Every structure is written in structure tokens, then in C-alpha cells.
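# Per-entry structural report
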Amino acid sequence: MIFLLVCYFVFLVGFIIFSASGLYHLWRFGYVGDLTKPVMVVYIIVAIFIIVLTLFAISLRSWPATIS
Amino acid sequence: MPISGKYFPSQLSGERVFLLIRRHWIVFAAMSLLLAVLIVPVIMLLIYWSANPDTFSGSLGNFLIILSSMYTLAVIGLMLYGFVNYYLDIYIVTNKRIVDIKQNGFFKREIAELHLHQIQDVEARVDGFLQTVIHFGDIYIQTAGERENFIFADVPHPYTLAKEIIELHEAAIEAEYEPQMPDDEIKADDYRPEDYSSGKTTTDQAEEQRFQQIQSQDNQIEDSGGAIKELEESYSPKDAKDFEQQVSKSSATSASDQTQPEVELGFGSHDSGNQQKNPTGELSEGQEVNLNDDHN
């Protein structure tokens, strides 16, 4: 089970890097008055919500070293 | 109607943006719908789990939590990728050129430019049931020479856009053979507010200077006329009266002695003063001289 947690945190690191590159493109190549800023805000809020909910669920459960 | 302000980084001074075109929203909606369908199993799992919390206990529950979280984050990451790919594909039409910006995923961007006078032909195509009903299609812009044709793919109202591009192309050709408007030639570095604060142009200022020169010359002429006026005013009515008396005397003497000289006219108060009789015995005008008088 610990292995699953490690995989999840590695995935989180990759997801954060991927999201940062996408948000950087929207921030740099967007124009005044378009949808890039609202989409950036919505995406960050949704992603943080999912990650926080998952971490909350992980904290509530027990994670043994082996799979039972 | 042109879009005001600098709308993209390489926009030139005096260049006005007339069209900023993106692909039709239906293109992104189709992709979003597919991704939304992928989210549905996770939502159903959460609903079932909340209704039956004891179903997924132990390691199975831990595994499902990790897997569903990773799956959901991957789906929204794909949505972000698709949005960047769709929304940053832009076609810009200005009064001088066409700019085609294509974003292919992350870290791959292509920008192509075409001057309006290089356009040979503009063709709008609407092909398919969905395109006909929702009014979107492709625009093919044929260019001169060996350049590839520009393609505006899946743009809304292609017939209207093609017509506007043709009109801008014709206006660009006409502008190329006509003198530029003054406001296009004015650059930010050349602008001086004091020249335009009074609302006058340089031509008006030159004319005003000429007018002032003429006016000063007129003033000089008026000044010389004033000198003449002063001279006339110095001739007082008393002088006029003396003159009349002199004239009457001369007319009286001329009747008796034709050889008498004419009366000398004098102007000014100093002359009339000399004609008056001096109490010391000096001769007045018209008085005969007696050489035998003994003045002792």
C-alpha cells in the first residue's frame, strides 16, 4: 500500500509540471479580454479540490506496508 | 470595425486589427464531450460509495481512492491540453496583413504572415450537414508565388469572413497607390502636444505669420497717415481767420493798384505773427515807406 502512495505522489509531481506548462501557455499567449484567465482560475480550483479531497481520504484510512 | 489598442505583440504602429478569428466552439465542444464521458464512471463510483460505505473497505478502498484520483486528474489535464490546442489557434486580419497562429500542443507554435496585397483569391467552403446547420467551414486564401495557401479551418460564418477579407485586400491595394493619411504618418516620437493644443496645423501657423506681416505693414501705413493728420490738426481756426482777412485786403488793394504784389500767404502761427504791426514802429504789410522821415 505504501507503494501505491509513492506512485501517487510521483504522479502528482508529473501532473503539477504538466499543468504548469499548460497554464504558462495560456498566460503568455492569451489576449486581453479572452477566456484564458478564467480557464486558468477554474482549472487551478478544480485540481486543488481533487488533490485536497484525495489527501483527506488518504489521511483517514490506514496504509499497511503489505497488501491485505 | 477595427479593434483598438495593440492586440498582439508583433502588431505594427498604425496597424489596425479588423478580425480576430478562432475556430468554431463546436470543435472544442466535441472534444470536451468525449472527456466528460470519461469522468462519468468516477462520478458513479463516488455516488455508489457514499450510499454503501462498507462495500470498499481495506486495501480495495485505498486502491480505488488512489486510482480514481489519478484518473480524474489525468482527464482534466487532457482537457487543459485540448483547450490550449484549440484556443491559441488564432487567425488575425489587419489592414496590412494576415497572421496565422497555430498552437500544436505545448512548446510548439507556428506563426505565418501574409500581406494583403499578395492575396490572389479567397474561397469559402462549407462541407457537411453539421457545418451547414451551424454555419462554419473553411476559408482558402490563395497567395501569389510559391507560398502555400492559407487555410482558415472550421471558422464561423466563412462566407462573411471571406467577403471581409476581400474588401480589406482591395482597400490595401488602393492605399498602396494613394498618399497616406496624416495620422498614419505621425509617430509617437514625433508627436508634440504644443503643435496641436490650439487645434492649428503647421499650414495654419504659416498663414497666420504671413497675416501678421501684412498687418504690421498696414500699421506702418496708418502711422504715416497719422503724421499727415497731425499736420492738419496743427492748422488752427485762428489761422483760417487771418487768412481770410489777408485775402480780403489783397482783393481791395488789387483793385487800385494792379502792380501790387499778391499777398503772401503764410501758414502757421509764426507767419501770422510776423504780419502784425510791431509797436516799435516797424512796417506792417501794405504800409508805404517814407524815406524823408526823421527818426531822431
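Residues numbered from 1 in each chain as written. Chains lettered and ligands numbered in written order. Predicted model: local features only at pLDDT ≥ 70, side-chain atom pairs only at ≥ 80, totals over all residues.

We now examine the sheet that holds strand β4 (residues 109-115) of chain B. Residues and elements named next belong to chain B. In space, the 4 strands of this open sheet follow the order β1-β2-β3-β4, with antiparallel pairing throughout. Here the strands that pair on one side only, and so sit at the sheet edges, are β1 (17-22) and β4. Recorded for the sheet is a direction-independent mean angle of 15° between the axes of neighbouring strands. Sheet strands touched by helix α4 (residues 158-176): β1 and β2 (90-94). Its angle to β1, the strand with the most contacts, is close to 150°. (Pairing = 2+ DSSP bridges. Helix = DSSP H or I, 4+ residues; strand = E, 2+ residues; numbered from the N terminus. Axes fitted to C-alpha atoms, helices over the stretch in contact; angles between N-to-C directions. Contact = placed C-beta atoms within 7 Å.)

It is worth spelling out the nonpolar core at this point. In a soluble, globular protein the nonpolar side chains are often hidden away together inside. All names here are of chain B. Residues V93, I98, I139 and V155 are the most contacted members of the largest nonpolar core, which totals 17 residues. Sorting the residues of this core by element identifies β2, β3 (97-103), β6 (136-143), β7 (150-156) and α4 as the ones contributing at least two each. If one sorts the elements of this core by residue count, α4 sits on top with 4 residues. Beyond its immediate sequence surroundings of up to four residues, I98 is in contact with V93, E113, L114, L116, I141 and F150. In terms of nonpolar packing, the next biggest core, distinct from the first, is built from 7 residues, M79, L80, F83 and L88 among them. (Core = buried A, V, L, I, M, F, W, Y, C linked by C-beta atoms within 7 Å. Buried ≥ 20, exposed ≤ 12 C-beta atoms within 10 Å, placed from the backbone.)

Let's shift gears to the sheet that holds β7(B). Residue and element names in this part refer to chain B. Within the open sheet, the 3 strands sit side by side as β5-β6-β7. Their pairing is antiparallel. Two strands lie at the open edges of the sheet, namely β5 (119-125) and β7, each paired on one side alone. With direction set aside, neighbouring strand axes in the sheet form an average angle of 20°. When β6 meets β7, the two strands line up antiparallel, connected through 5 bridges.

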